[in-house]
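One letter stands for each residue in the lines below.
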Amino acid sequence: MQKIPATFFVNGDRYDLMIDTHALLLEVLRDDLGFKGVHESCGEGDCGACTVLVDGVAVLSCLTLAAAVRGKEIVTIEGLAKGSDLDPIQNAFVKHGAIQCGYCTPGMVMAAKNLLNENPHPSREEIKKGLAGNLCRCTGYNKIIEAVSDVAKGGK
Amino acid sequence: MQEELRVVGKRVPVKENFDKVQGKADYCATITLPGMLVGKLLHSPHAHARVVSVDTSRAEGLQGVKAVVTKKDDPRKIFTWNVMTYQLPDGEPQDQYIFDDVVRYVGEPVAAVAAVNEEIAKKAVDLIEVEYDVLPAVFSVEDAVKKGAPRVHDTAENNIGAPPTPVFCYGDVEKDFSESDTIVEGVFSTSKQSQAGLENAGCVAEWRNGRLTVWSQAQLPHMTKRMIAQALDIPESTVRVIQPFAGTGFGAGTDLCPEPYACLLTMKAGAPVKVALTRSEDLRMRFTREHIVRVEMKMGVKKDGTPMALKAKYTGDAGAYMGKILSGCGVALASNITEYEFKSMYQEIEAIYTHHLACGAMRGFGGMQSTFAREILVDEVCEKIGMNPIEFRKKYHRGVGGLGWFPDTKISSCGLDACLDVGAERIGWKGKWQGWGAKKEGIRRRGVGVAAMGWLSGAQPMLLEHTNATLKFNSDGTCTLIGSPGLLGQGVLAAHCQIAAEVLGIDYDDVRPLTPQDTDITGFDIGTHASRGCYCIGRAVEKAAQQARELFLERASKKLGVAADALDIKERRIFCKDDPEKGIEFREIAQDTIYSFGKDCRQITVNATIEPTEFAPPWQAGFAEVEVDTETGVVEVIKMIIAHDIGRAINPTVVEGQLEGGQLQGIGFALFEDIIISSENGVNLTDSFNKYKIASMLDCPDHEALLVELGDPTGPFSAKSCGESGIFLQAPAIANAIYDAVGIRLRDVPMTPERVLAALKNKSSTQTN
Ligand code: FES
Ligand code: FES
């Protein structure tokens, strides 16, 4: 197993560490750096639970080699709140009951963040398309769609 | 309903969601302990084989391996993953060992390894050498009962787990069939759905100083504790089960899964061990929905619709172990009694072993299968007698005081008429349903369908439903709610806090639920299953809060010099009913209980026990509008409405969430979810989310859950259940809508394009003949 030096900027902080060449971004974030909000379910790109932002764009951390994103800005669910102020998307998820077991939630919120970055005022159909890669077994999606629409409309 | 409520009925946020939305909530998947090892399982590649030998020497020799366990380490105590067995006086069948001499399904564990990291654990698993004596296997209930079929268990002749057994029959069905004007019947089949929660099955176990702590996704923690102790042959008090948040549920946590292996590993290694299954392992090994593979049902009615006789037989494909197949079939049968006022009913259940993965429970337990058959037959009957299918349901459902799902139970409330009305209105039934035999043209044809059901709020009186809730007060007038419903994301803790706050006259924020839950702290509780969380545990919370309220009023009465019954509490203030100006802050009394300098200290901690006897059925009407593509067979759900008789919604957002979530699982059950096991070799062909499809946002039609709140006299603040109800009516309503659209009667779920096309072809060939 070969180790290489790596630097990541996660949630605004710099981390220097040695990583396995074949380590996944998911493993480095969760196991080496302790960002346990990065959840794994399918491990093969089918569910979106592991979604994080790399240089502002949503990626599936279970399919991303950590070595390939060295030096980049990464945002996980832990980096979304400003101190104890939640991001408007987080507030909307709580308010609308868009969370049940919560296992999909970090990935879903990050995907929603990405969607709203790209398209601040998505229609219902655009939300469905934009978040189609993120599975949720619990909610039936209505309340997630409502939460995202609410933020898009400027609700808090 | 009564006086105005301040907390109950409000859409307050679920407290634990603040942690969840920040990625701060702990799951079995995220828990790490100092020195924790990684556990991995070795699975059988064969559906049926004798395990001749397991050579672990090379695995044990690998640097970093801390323990390898096989059948040699198994105390060989017979048990079952089904921890609900303890809810029946004689229990459900127990037929499992942690590691047996024989493997009975592809994926069954043969050995397990604990090592310092994942890579070494995987390598060690590969180094274990197993010699199998491969045996012939059976992959269908039909083959399993044939003469000379391979036996799944030596003790079960012809693989009969339970022979056809009539249960809860009444009246004389043969006589009533002979007096019926119209009789319809059918043989239906349903799928082996997976709960497929996003968090894969997993647990952490730690054996330390003679105690075993297990972090589990259990929905029934106290009975999980007992079953683990039984399997390991250690005293029950040695085991402690902690429930962090679970990213799964829907019945999955009513059975053990990785727990026994993790426990054996930690006891051998002397260090904590996490066994977290992959998605593929979860789909291959986690007990699935109760697989009632066949429902034969027949019903007879009079010309005017009067229900005369109903006869049914439910056949369970148990798979390799009995799991919950018997209770699944039993509930299919029992819940089928509740809905309509048949003069007589004769129903039987049977269960047959095969070399499939065994089954546990999933949301809609048993009721899914009987409802599917019954509601389609009701539709057929209505067509035959020329009756509007909504009218039939309104006219002939059982009502208050009528027979419930279990002998001698009575229906305490019924809001089905209102559900049918509001649902019909919302789907636009009047304009869309054009009567029986309406001609539809074109390649894509639309239709509407309706279905109805009555369910339960807890499985009493069939099962033990002992429940406890404790409130422990702090000096600032707040309290901790200590209960044990399992933390599956049901949102039920919010409802419990609302109930407690309402009774006590304090705020929602003043009541904090204990999380994680811990069997060393919580009183006994059955846990979460059978839609019992809000109704059963909620009643215990209500009772505990009432007792605490009395203690606070007593204390205030001494301080104020006013009789306790002349006092009331509102908005955190205790005051005289006659003279509201005279009063004292709730907080002051609380402070005085803890810091009393008059030699009157008392920690107020109140526990209430409840064993409900009523079952408070929630009722529901489901309406589907579909569009069927006659060229491709694809069924698109245009709109799906369920109207649910909740009694009262303690927290409407939570109730809607439960129902909407069930709704999409129900659409999955109806149209695409199916565990497919090869009939050649028993391999699960659907062991990823790529192959086992659950609904994504793109599969999410316009759907809605409407609440009907007419109250129930027995529920906490007149609430009934909502946990399972969301899932029942999609399959039958969609099937009936497909018939309305294209005139085919489907009898099998999932209703895939292939099945639709085959039925369309069949229909056109019979028409031309
Ligand atoms: S865990 Fe990465 S997509 Fe499922
Ligand atoms: S909230 Fe459970 S998977 Fe989405």
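A. Spotlight on helix 11 (residues 389-396) of chain B. All names here are of chain B. Every buried residue of helix 11 is accounted for by P389, I390, F392, R393 and Y396. Each buried residue of helix 11 sits inside an arc of 160° when the element is viewed along its axis, so together they form one side. At the N-terminal end of helix 11, a side-chain oxygen is found 2.7 Å from the backbone nitrogen of I390, two or three residues along, and the residue is N388.

B. Looking closely at the environment of L416(B). Residues and elements named next belong to chain B. Mapped onto the elements, L416 comes out in helix 12 (residues 416-427). Between the C-alpha atoms of L416 and V708, which are 292 residues apart in sequence, the distance is 8.8 Å. Aside from chain neighbours lying at most four places away, what touches L416 is E339, R393, H397, A452, W619, Q620 and A621.

C. Molecular detail of the pattern of salt bridges. Residues and elements named next belong to chain B. All told, the structure shown has 65 salt bridges over all chains when counted by the stated rule. A salt bridge links E656 to R11; its shortest N-O distance comes to 2.9 Å. Note that E656 is positioned in helix 17 (residues 652-671) and R11 in the segment before helix 1 (17-20), a separation of 645 residues in sequence. The partly exposed category is assigned to R11, whose relative accessible area is 48%. Put simply, K225 and E236 hold a salt bridge, and the shortest N to O gap is 4.0 Å. Of this pair, K225 sits in helix 6 (residues 221-232) while E236 sits in the loop between helix 6 and strand 11 (239-243), placing them 11 residues apart in sequence.

D. Examining the domain arrangement of chain A more closely. Residues and elements named next belong to chain A. For chain A, the assigned domains read domain 1 (3-79) and domain 2 (88-152). Counting from both sides, the interface comprises 17 residues of domain 1 and, opposite them, 14 residues of domain 2. Carbon and sulfur atoms make up 61% of the surface buried where domain 1 meets domain 2, a total of about 1200 Å² over both sides. Where domain 1 touches domain 2, the interface holds seven residue pairs in polar contact (both at pLDDT 80 or more). Those elements that provide at least two residues to the side of domain 1 that touches domain 2 are strand 3 (51-54) and strand 4 (57-60). Here the side of domain 1 that touches domain 2 gets three residues from one element, more than from any other, and that element is strand 3. When grouped by side-chain class, the residues that make up the side of domain 1 that touches domain 2 number eight nonpolar, seven polar and two charged.

E. How the structure looks around the interface of chain B and chain A. Each partner contributes to the interface: chain B provides 49 residues, whereas chain A provides 47 residues. Our count for the contact surface shared by chain B and chain A stands at four salt bridges. Here E673(B) and R137(A) are joined by a salt bridge, their closest N and O atoms 2.7 Å apart. Joining chain B to chain A, the criterion identifies 22 residue pairs in polar contact (both at pLDDT 80 or more). Only helix 1 and helix 17 of chain B provide two or more residues apiece to the side of chain B that touches chain A. The biggest single contributor to the side of chain B that touches chain A is helix 17 of chain B, with eight residues. Across the side of chain B that touches chain A, the residue classes tally to 20 nonpolar, 21 polar and eight charged.

What counts and what doesn't
- Residues numbered from 1 in each chain as written.
- Chains lettered and ligands numbered in written order.
- Predicted model: local features only at pLDDT ≥ 70, side-chain atom pairs only at ≥ 80, totals over all residues.
- Heavy atoms only, no water.
- Buried < 20%, exposed > 50% of the residue type's maximum accessible area, 1.4 Å probe, protein only.
- Helix = DSSP H or I, 4+ residues; strand = E, 2+ residues; numbered from the N terminus.
- Arc of directions from axis to C-beta.
- Polar contact = N/O pair within 3.5 Å; in protein donor to acceptor, adjacent residues only side chain to side chain.
- Contact = heavy atoms within 4.5 Å.
- Salt bridge = Lys/Arg side-chain N within 4 Å of Asp/Glu carboxyl O.
- Domains from an automatic or database assignment.
- Buried area = accessible area lost by both parts, 1.4 Å probe.
- Nonpolar A, V, L, I, M, F, W, Y, C, P; charged D, E, K, R; others polar.

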